[in-house]
Amino acid sequence: MGPTAKPSARNKILGSALAVIRTKGYAATSVDDLCAAAGVTKGAFFHHFRSKEDLAVAAADFWSETTGALFASAPYHAHRDPLDRVLGYIDFRKAILVGDIPEFTCLAGTMVQETYASNPAIRDACARAILTHAEKVEPDIAAAIAQRRLAPSWTAKSLALHMQAVLQGAFILAKARGSAQVAAESIDHLRRYVELLFQTPKHQEDAR
């Protein structure tokens with residue numbers, strides 16, 4: 001789609017879903033809500049999506065694509081040191097805590113809390129979105145471990161997943177407190193924790 005092209009009706013609905021579901025939650029969002037937000041008719045909605053569930057699965061994948069593009073162009077990738085890239089990723093997550101709570105919280109995290117036991121298709125789509133973020137950070141964590149010649153009892157994958165767990169928990173706290181500040185403080189703690197994990201013991205430094 002060119003820079004001046006208008007989004008398709010399908011993308012209008014998907015874009016509206018990202019905003020409306022993060023604001024109201026999946027269960028409270030109706031097809032009428034989505035159509036009104038997108039400025040399309042119900043006929044247009046059901047032309048592109050068989051049901052609200054079908055839309056939710058597509059929205060989770062659309063969320064993954066949209067956020068993936070944002071993170072792919074983020075400045076932390078320019079760091080030469082892989083640990084600096086990992087810490088830069090955390091800093092970037094804090095930097096984008098802007099706007100109202102629905103604007104910075106995670107669509108996948110919002111939907112999976114409501115649907116994990118009742119709707120496997122939506123649950124799995126949300127899992128893909130969250131796990132994709134972990135998979136993108138994992139190689140930098142692995143490279144930082146190798147560069148510092150560490151032999152941790154944990155893996156790059158487990159740390160990447162833990163980082164997502166902290167971020168999702170931070171979003172829940174932001175919703176509970178009605179403020180991004182508590183989420184920012186949680187992300188600060190995550191950064192300190194990762195820095196501590198990669199501190200090289202003195203005896204290893206002396207052996208170099």
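Our structure's up above, just so we're on the same page.
These notes cover the structure that comes with them. Numbering of residues begins from 1 in every chain and follows the order in which that chain's sequence is written. Reporting in this predicted model follows two pLDDT cut-offs: at least 70 for local features of residues, and 80 or more for side-chain atom pairs to be given and counted; totals over whole chains, interfaces and linings ignore these cut-offs and use all residues. Heavy atoms from the whole structure form the basis of all side-chain values; hydrogens and water molecules are not counted.

## Some remarks on the overall build of the protein
In this text, helices come from DSSP runs of H or I with a minimum length of four residues, and strands from runs of E with a minimum of two, each type numbered from the N-terminal end. Helix and strand counts for the protein come out as eleven helices and zero strands. When the helices and strands of the protein are placed in sequence order, the string is α-α-α-α-α-α-α-α-α-α-α. Expressed as lengths along the three principal axes of its C-alpha atoms, the size of the protein is roughly 70 × 40 × 30 Å. Contacts are assigned to residue pairs that have any heavy atoms within 4.5 Å of one another. In the protein, 68% of the contacts between residues at least 6 apart in sequence involve partners at least 24 apart. Looking at charge distribution, the protein has the averaged site of its 24 positive side-chain charges lying 2 Å from that of its 21 negative ones. Think of it this way: Lys and Arg go in the positive column, Asp and Glu in the negative one, and His and the chain ends go nowhere. To locate a charge, take atom NZ for lysine, CZ for arginine, CG for aspartate or CD for glutamate.

## A look at the environment of Gly 169
Checked against the element boundaries, Gly 169 lands in helix H9 (residues 156–177). C-alpha of Gly 169 to C-alpha of Ile 187: the two residues are 18 residues apart in sequence and 9.9 Å apart in space.

## Some remarks on unusual backbone geometry
One non-glycine residue, Arg 149, adopts positive backbone phi at about 55 degrees. Structurally, Arg 149 can be placed in the loop between helix H8 (120–147) and H9.

## With respect to the side chain of Asp 54
Take Asp 54: it is sitting in helix H4 (residues 52–72). For Asp 54, a relative accessible area of 18% puts it in the buried group. One polar contact links the side chain of Asp 54 to the main-chain amide nitrogen of Arg 50, over a distance of 3.0 Å. If we ignore the near neighbours within four places in the chain, the residues touching Asp 54 are His 48 and Phe 49. Any residue under 20% of the maximum accessible area for its type is buried, any over 50% is exposed, and the rest in between are partly exposed; the area is computed with a 1.4 Å probe on protein chains only. We define a polar contact as two N or O atoms separated by no more than 3.5 Å, with the added condition that, inside protein, one atom must be a possible hydrogen donor and the other a possible acceptor, whereas residues neighbouring each other in sequence contribute only through side-chain atom pairs.

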